[in-house]
Amino acid sequence: MQIAGHHALVTGASRGLGEAIARRLAAQGATVTCVARTADALAALADEIDGHALAADLADPAARRDVVARAAAAAGTPVTILVNNAGIDLTGHFADMSADDVERLIAVNVTAPAELARQAVPGMLEAGEGSIVLISSMAGVGVFPGLAVYSATKAALTHLGAGLRADLKGTPIAITVVQTGLITPTDMADSVRSYAPAAASFTRFRQLLPATDVDDLADAVTDAVAAGRRHVRRPRRAGLFPLLTEIPRRMTEILLAGVSPRA
Ligand SMILES: NC(=O)c1ccc[n+]([C@@H]2O[C@H](COP(=O)([O-])OP(=O)(O)OC[C@H]3O[C@@H](n4cnc5c(N)ncnc54)[C@H](OP(=O)(O)O)[C@@H]3O)[C@@H](O)[C@H]2O)c1
């Protein structure tokens, strides 16, 4: 798709990867709605890129209700690119997590992306074009200590991508799943590495999983949206890992050729 002229909603745009993606989409001519909790950071970015700010806590069911419709109303045009980037890690030992930690991780990392996709699909179908990006992780493929629930949410997000692709087969909506190791410099990479067992794991894996630069990744994600690519995998040298776990999903897709996704 030609990015210029589209309305992109980017979650987690107040900093890190989301901010970098929002900047690139705007630079290529999209109207960008920036979503996160930190209202002043969103307002400053929206001002700079001539976009819109929508402050919302995506863990809160009431706050995420009608987010896509509110963004469309404010911008005067439907959301045709949805970048589900917002995420939290809450790295630490599983036994030390609170009930609220578990719920929050799942709400921000899985429930919100699925719900926002649900809200966005009708407008994309009506517009005749759409792109949904899911920022997953290599942690959804391999698991490191301190990241049990986080890794489970990212595995769920990757699987959600395959599910959306199955249900949206034959429609003009592209699904892009992004799977990376550490992304630097970001607050999340610092947070993960502040827990010694996770830091030791990344040190052990440093040859296979060197960190990916946040700006390079934002470029790759933007290019993938334009090209309608199914996956962005970084670092490339670790690409075999997600590829291996993709085989059953891909085989299922091939075996279901000709089965209509709609009753
Ligand atoms: N950094 C890494 O090493 C790494 C590696 C693989 C995958 N990823 C994934 O990449 C994505 C971006 O991560 P990042 O490194 O850019 O992290 P980050 O710097 O910590 O930024 C996270 C973003 O998510 C937003 N967010 C968090 N909780 C939210 C909530 N309840 N409601 C709305 N927005 C919320 C934050 O904004 P507010 O705090 O303002 O709400 C912020 O904009 C995440 O999905 C992450 O899992 C990161």
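The coordinates are above.
Residues numbered from 1 in each chain as written. Predicted model: local features only at pLDDT ≥ 70, side-chain atom pairs only at ≥ 80, totals over all residues. Heavy atoms only, no water.

Concerning the overall build of the chain
Note the cut-off: Where helices and strands are cited, they refer to DSSP runs of H or I of at least four residues and of E of at least two residues respectively, numbered from the N terminus. Each radius of gyration reported is based on C-alpha atoms, and the globular scaling rule is 2.2 Å times the count of residues to the power 0.38. Throughout this description, buried means an accessible area under 20% of the type-specific maximum (1.4 Å probe, protein chains only), exposed means over 50%, and partly exposed covers the range between. Lys and Arg are tallied as positive, Asp and Glu as negative. Neither His nor the chain termini are counted. Lysine's charge is taken at NZ, arginine's at CZ, aspartate's at CG and glutamate's at CD.
Of regular secondary structure, the chain possesses ten helices and nine strands. Compactness check: the chain gives a C-alpha radius of gyration of 18 Å against a globular reference of 18 Å for 263 residues, within 12% of the reference. C-alpha atoms of the chain, sized along the principal axes, occupy 50 × 50 × 35 Å. Expressed as a percentage of its 263 residues, the buried residues of the chain come to 49%. Each charge class in the chain was averaged separately, 24 positive and 26 negative side chains, and the resulting centres sit 8 Å apart.

What to know about the site of the ligand
Going by this rule: Distances are taken per atom, and a residue is near a molecule or strand as soon as one of its heavy atoms is within 4 Å of it. Here a polar contact means two N or O atoms within 3.5 Å. Within protein one must be a hydrogen donor candidate and the other an acceptor candidate, and residues neighboring in sequence count only if both atoms are side-chain atoms. Values of accessible area rely on a 1.4 Å probe in the Shrake-Rupley scheme; residue burial ignores everything except the protein chains shown.
Near the ligand lie 32 residues; those nearest to it are Ser14, Arg37, Thr38, Asn85 and Tyr150. One of the backbone nitrogen or oxygen atoms of Gly12 is found 3.0 Å away from an oxygen atom of the ligand. The separation between an oxygen atom of the ligand and a polar main-chain atom of Leu17 is 2.8 Å. Calculation on the ligand without its partners gives an accessible area of 880 Å², and the protein chains cover 97% of this total.

What to know about unusual backbone geometry
Here the bond from Thr184 into Pro185 is cis, since omega is -10°, no more than 30 degrees from zero. Going from Arg234 to Pro235, the amide bond is cis rather than trans, its omega being -10°. Along the chain, Pro235 turns up in the loop between β9 (231–234) and α10 (240–255). Of note in this structure, Asp50 is not a glycine but carries a positive phi near 60°. Given a relative accessible area of 68%, Asp50 falls into the exposed group.

Description of the pattern of salt bridges
Formally: The rule for a salt bridge is simple: a side-chain nitrogen of Lys or Arg has to be within 4 Å of a carboxyl oxygen of Asp or Glu.
The full count for this structure, using the stated rule, is eleven salt bridges. In this structure, Arg230 and Glu253 form a salt bridge, with 2.5 Å as the shortest nitrogen-oxygen distance. Placement of Arg230 in the loop between α9 (214–227) and β9 and of Glu253 in helix α10 is noted, with a sequence separation of 23 residues between them. When salt bridges that share partners are traced, they join Glu19, Arg23 and Glu48 into one network.

Describing a nonpolar patch on the surface
Put simply, the test is: Patch criteria: residues need more than 30% relative accessible area and no salt bridge. Like-charged residues are merged within 9 Å; nonpolar side chains of Val, Leu, Ile, Met, Phe, Trp and Tyr are merged within 5 Å.
Residues Leu240, Phe241, Leu243, Leu244, Ile247, Met251 and Leu255 make up a contiguous nonpolar surface patch of about 710 Å² in total accessible area. With respect to the helices, strands and loops of the structure, Ile247 is situated in helix α10.

Points about the packing of aromatic side chains
As a reminder, the rule being used: Only Phe, Tyr and Trp rings take part, Trp by its six-membered ring, and two of them pair if their centres are within 6.5 Å. Stacked means planes under 30 degrees apart, edge-to-face means over 60, and tilted covers everything else.
In total, this model carries two aromatic pairs according to the counting rule given. With a centroid separation of 4.7 Å and 45° between ring planes, the pair formed by Phe144 and Phe202 is classed as tilted. Separated by 58 residues along the polypeptide, Phe144 in the loop between β5 (130–135) and α6 (148–167) and Phe202 in helix α8 (residues 196–204) bring together distant segments of the chain. Owing to a relative accessible area of 11%, Phe202 belongs among the buried residues under this scheme.

Nothing here speaks to function; it is all geometry.
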